[in-house]
Amino acid sequence: MTAIAPADLDTDVCVVGGTLAGLMTALTLARQGLDVILLERSLIAPAPQIGLLTGGLSLWLSEGTQPLSRESARSAFDLSLEAMAGALSLFDELGLDRLGRGLLRVGAAHETARLDAEAEARDMLGLLELRRWPRSEIAAITGTERYVGATYEPHAIFYDARDINGALLRAVMEAGVRVYQMTPVLAADLDGVRKYLQTPAGRVRADNVVLCAGRRAARIAPWLAGALGVAPYVRGGFAVRAVRPDFSGLVAEPGPLGARFAPGIGELDFEAPVALMPGGEVGAAVALRRRARQVYPELRRRIAEHAHAFSLDRAPHGLPLIGLRRQGLWYAAGLGGNALANAALAAHVICDGIVARGGKIEELAPLQPRYAYGLAGRAAAAVRFGWRRLSDSIAQARAERDPAGAADHTHARFEPGISTAPAHPRRVDARQAHAEQGAPVHTGHGPAGTAPAGEHHAGEVPSSPEGADGKGTPLRQA
């Protein structure tokens, strides 16, 4: 593989950034017969977080405002189902192992209104209905008494994203994409019909440019980099035995403070946002344990088996930035904590626009880049994170004293801001297309593929697990 681009290259599409979105977009375009160049300023590294594929941009409110109308939310959900079907087929072709199936969204007493808001929004839009779980079943699966409500989505699939970039890079090169790592873009002229990008060795001329580098594209696309903030995360594992080894799904808390974890056999894989980037592996391990013991108090004296910190680009509204800036200039950035699903969505709509000259990307037009106020915005985000964490602790204490009152207060604060515009008429036949492709189908009456009473699919959990005593079982040391 060439490390530095030679002088003066011509191509149909130049993808800037070897991220999940960049790799998936380059591969999709190359398989459609286009000549593609991919430029990465450093080395293409493994993605650091849990990779989740599920239908729909999250309707949970991240900042108290919701930029998607009812029409655009419904359209985005349908598009994400199409993208999910294509990504599942691609990952199976690449031989990537699925870590598990199913997404269990859980909430403590002060968070259940978020789950209600998500379920109500889906019901209003006629989307996939979420299965409700009782507290005893949640405790039996998660092994903690923290959560009092949950919804379950059986069709979600999750991977270890660290395995995906390497497989995608091999597939990209096999498809004929010219990949140049250690090749930064120093300057660019992106205004004309023909785009020009200057590298240390020479120019790249392209009909289309796809910006997937996020904040690292500040030199050539300040309008995009300036619309992104930084979201620090920690991730790691604790050596424990699974409480319910028959549950292979991912557990996720709602909201911008929410953690995600997989209580698998032999190890608890835990991931959560933090206010500030911890220093080194020790700092990451301390932050990880502090966050994990909120869910499992018995971990307060345990040492993480491994831990690391990483940061993700994030737009102020928390939703991905995917769009068309001007003719031939596309972007996919700010994919956030659900980067895998959003990368698949970006590749799907950008390929449709370049190859078929379709208008699917217009469905995401409400998610435009907006200035994130640079360093001041990042400082404000850290302060806001700390304030939310304090408010969260107060709300939890209030909920434990007065569950009904706390739920009413939270519900009023996080009511979905989705307008009552009519549903999008363009996608009336989308459900039939998903069914033909083997993707999950949303009917408005219940989850597709839901097992009949007394049965359950691999990776799913029966609706009334035997032996659930409502007390939960603490995690045990391996």
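Keep in mind the model is a prediction, meaning the values are calculated, not measured.

Draft legend 1. Structural detail: the overall build of the protein. The helix and strand tally for the protein stands at eleven helices and 19 strands. Out of the 478 residues in the protein, the part that is buried amounts to 55%. Only carbon and sulfur atoms are counted for the fraction: they give 52% of the accessible area of the protein, which is about 19,700 Å².

Draft legend 2. Just the packing of aromatic side chains, in detail. Within the structure shown, the criterion is met by seven aromatic pairs. Ring geometry for F91 and Y159: centres 5.2 Å apart, planes at 80°, overall edge-to-face. Of the two residues, F91 is situated in helix 2 (residues 70-93) and Y159 in strand 6 (residues 149-160); the sequence distance between them amounts to 68 residues. Grouping residues by exposure puts F91 and Y159 together as buried. Here F261 and F270 contribute two aromatic rings whose centre-to-centre distance is 5.4 Å and whose plane-to-plane angle is 10°, an arrangement assigned as stacked. The residues F261 and F270 share a single accessibility class, namely buried.

Draft legend 3. Layout of the pattern of salt bridges. Scanning the entire structure with this criterion turns up 19 salt bridges. Where E153 meets R105, a salt bridge forms, and the shortest distance between an N and an O atom there is 3.0 Å. Here E153 is found in strand 6, whereas its partner R105 is found in strand 4 (residues 100-107), with 48 residues between them in sequence. In this structure R105 comes out as buried when scored by relative accessible area, which is 8%.

Draft legend 4. The arrangement of the side chain of T142 in detail. Position of T142 among the secondary structure elements: in helix 4 (residues 135-142). Take T142: its relative accessible area is 0%, and that puts it in the buried class. A polar contact is formed between the side chain of T142 and the backbone oxygen of I138, at a distance of 2.8 Å.

Draft legend 5. A look at the packing of helix 2 against helix 3 (residues 112-125). Between helix 2 and helix 3, the shortest axis-to-axis distance is 10 Å and the interhelical angle comes to 90°. Judged by the angle between their axes, helix 2 and helix 3 are roughly perpendicular. Here R70, A73, R74 and F77 of helix 2 come into contact with helix 3, specifically with R122, M124 and L125.

Draft legend 6. Local environment of the nonpolar core. Core analysis: the biggest nonpolar cluster contains 55 residues, and M24, L53, F91, Y159 and L168 have the highest contact counts within it. Only strand 1 (9-16), helix 1 (20-31), strand 2 (36-39), helix 2, strand 6, helix 5 (164-174), strand 18 (329-333) and helix 8 (339-355) provide two or more residues apiece to this core. Leaving out residues up to four positions away in the same chain, L53 has contacts with M84, A87, L88, F91, A156, I157, Y159, L340, A341 and A344. Grouped together as the second largest cluster of nonpolar side chains are 29 residues, W133, I138, F261 and V295 included.

Rules of the game
Residues numbered from 1 in each chain as written. Predicted model: local features only at pLDDT ≥ 70, side-chain atom pairs only at ≥ 80, totals over all residues. Heavy atoms only, no water. Helix = DSSP H or I, 4+ residues; strand = E, 2+ residues; numbered from the N terminus. Buried < 20%, exposed > 50% of the residue type's maximum accessible area, 1.4 Å probe, protein only. Areas by Shrake-Rupley, 256 points an atom, 1.4 Å probe, with all protein chains shown as cover. Phe/Tyr/Trp six-rings, centres within 6.5 Å; stacked < 30°, edge-to-face > 60°. Salt bridge = Lys/Arg side-chain N within 4 Å of Asp/Glu carboxyl O. Polar contact = N/O pair within 3.5 Å; in protein donor to acceptor, adjacent residues only side chain to side chain. Axes fitted to C-alpha atoms, helices over the stretch in contact; angles between N-to-C directions. Parallel < 35°, antiparallel > 145°, perpendicular 65-115°, else oblique. Contact = heavy atoms within 4.5 Å. Core = buried A, V, L, I, M, F, W, Y, C linked by side-chain atoms within 4.5 Å.

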